[in-house]
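Listed below, chain by chain, are the residues.
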Amino acid sequence: MSVPPTGLAATRAFFGPRAATWELKFPDDGPRYRRAVADLAPPAGGVVADIACGTGRALPELRDAVGPGGTVLGVDVTPEMLAEAAARGRHRVAALLLGDALHLPFRTGALDAVFAAGLVSHLPDPVAGLRELARVCGPGGRLALFHPVGRAALARRQGRELTPDDLRAEPNIRAALTAAGWRLDDIDDGEDRYLVLATVH
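Keep in mind that what you see is a predicted model, and the values were worked out from it rather than measured.

Engineer: Looking at this structure, I do not really get the overall build of the protein chain. What am I missing?
Structural biologist: Helices and strands together make up the secondary structure of the protein chain, namely eight helices and seven strands. Against the globule reference of 17 Å for 201 residues, the protein chain gives a C-alpha radius of gyration of 15 Å, in line with a compact fold. Dimensions along the principal axes, computed over C-alpha positions, put the protein chain at roughly 45 × 40 × 30 Å. Counting the 201 residues in the protein chain, one finds 52% classified as buried.

Engineer: How do you make sense of the nonpolar core when you look at a structure like this?
Structural biologist: A general trend in soluble globular proteins is that nonpolar side chains are found buried together. Residues Ile51, Phe106, Leu130, Leu177 and Trp182 are the most contacted members of the largest nonpolar core, which totals 31 residues. Those elements that place two or more of their residues in this core are strand E1 (47-51), strand E2 (71-76), strand E4 (113-117), helix H6 (126-137), strand E5 (142-147), helix H8 (170-179), strand E6 (182-189) and strand E7 (194-200). The element contributing the most residues to this core is H6, with five residues. Not counting residues within four places of it along the chain, the set of residues in contact with Leu177 comprises Leu130, Leu143, Leu145, Trp182, Leu184, Val196 and Ala198. One finds Leu62, Val72, Ala117 and Ala144 within the second-largest nonpolar core, a separate group that totals 18 residues.

Engineer: Even after reading the chapter, I still don't get the packing of H6 against H8, so can you show me in this structure?
Structural biologist: Helix packing for two helices is described by the angle between their axes and how far apart those axes are. Viewed as axis vectors pointing N to C, H6 and H8 meet at an angle of 55°, and their least axial separation amounts to 8 Å. The pairing of H6 with H8 is recorded here as oblique in orientation. Seen from above, H6 lies across H8 with right-handed handedness. Residue-level contacts link Val127, Leu130 and Arg131 of H6 to Ala176, Leu177 and Ala179 of H8. Here the contact of H6 with H8 is composed, by residue class, of five nonpolar, no polar and one charged.

Engineer: Is there a simple way to think about the pairing of E1 in this case?
Structural biologist: Two faces belong to every sheet, and in a regular strand the side chains alternate between them. Counting buried positions over the five residues of E1 gives four, a clear majority of the element. One ladder, built from five bridges, connects E1 with E2; its direction is parallel. In the sheet register, Ala49 faces E2, and the bridge partner there is Leu73. Handedness of the β-α-β unit built from E1, helix H4 (residues 59-66) and E2 comes out right-handed. Inspection of the sheet shows E1 paired to E4 by three bridges, in the parallel sense.

What counts and how
Residues numbered from 1 in each chain as written. Predicted model: local features only at pLDDT ≥ 70, side-chain atom pairs only at ≥ 80, totals over all residues. Heavy atoms only, no water. Helix = DSSP H or I, 4+ residues; strand = E, 2+ residues; numbered from the N terminus. Rg over C-alpha atoms; globule rule 2.2 N^0.38 Å. Buried < 20%, exposed > 50% of the residue type's maximum accessible area, 1.4 Å probe, protein only. Core = buried A, V, L, I, M, F, W, Y, C linked by side-chain atoms within 4.5 Å. Contact = heavy atoms within 4.5 Å. Axes fitted to C-alpha atoms, helices over the stretch in contact; angles between N-to-C directions. Parallel < 35°, antiparallel > 145°, perpendicular 65-115°, else oblique. Left-handed = near helix turned anticlockwise from the far one by under 90°. Nonpolar A, V, L, I, M, F, W, Y, C, P; charged D, E, K, R; others polar. Pairing = 2+ DSSP bridges. Right-handed = clockwise from strand over helix to strand, strands pointing away.

Keep in mind that these numbers describe shape and distance, not what the molecule does.
Take a look at the structure:
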């Protein structure tokens, strides 16, 4: 499995052709998404966005969390991923929007929480991306950075070694979050998942 490049055009070129079969490659990830959304705990009746939502795996879980009075938004830069999300019926639980995580189409403080699976490693400027997520959340907003396998397992899958400069290593992601206006609340850097929880301060 190759390591996807960063940047808007490169991300679209990588994920577009893979959209239709993406979930077939990872059929057992559903419970991990459910647990991560539960750990994020977006407020009932709140506004939550899945940034880089892909095929919308987390959208039904986010809908369940905020309930019928809440708002769920799925944002992705790849049109094919959003088309696949719609084909799977996820447009019925969330609004699907084409958008760039570095320039989100939301006003400042519009969201109560953000869920982002696999996003930070694809950002050409991770601090700028995290700062944009903080902007759209505003003070007290919550963030979950998630991957359904741990860093070490993902590195093995991609045929590479973990290095100290890995952005998602605890000291590095803490520094990036702090620089972007977040407080790191918790990190689970285990074998079976990667989850960072943070709050805008």
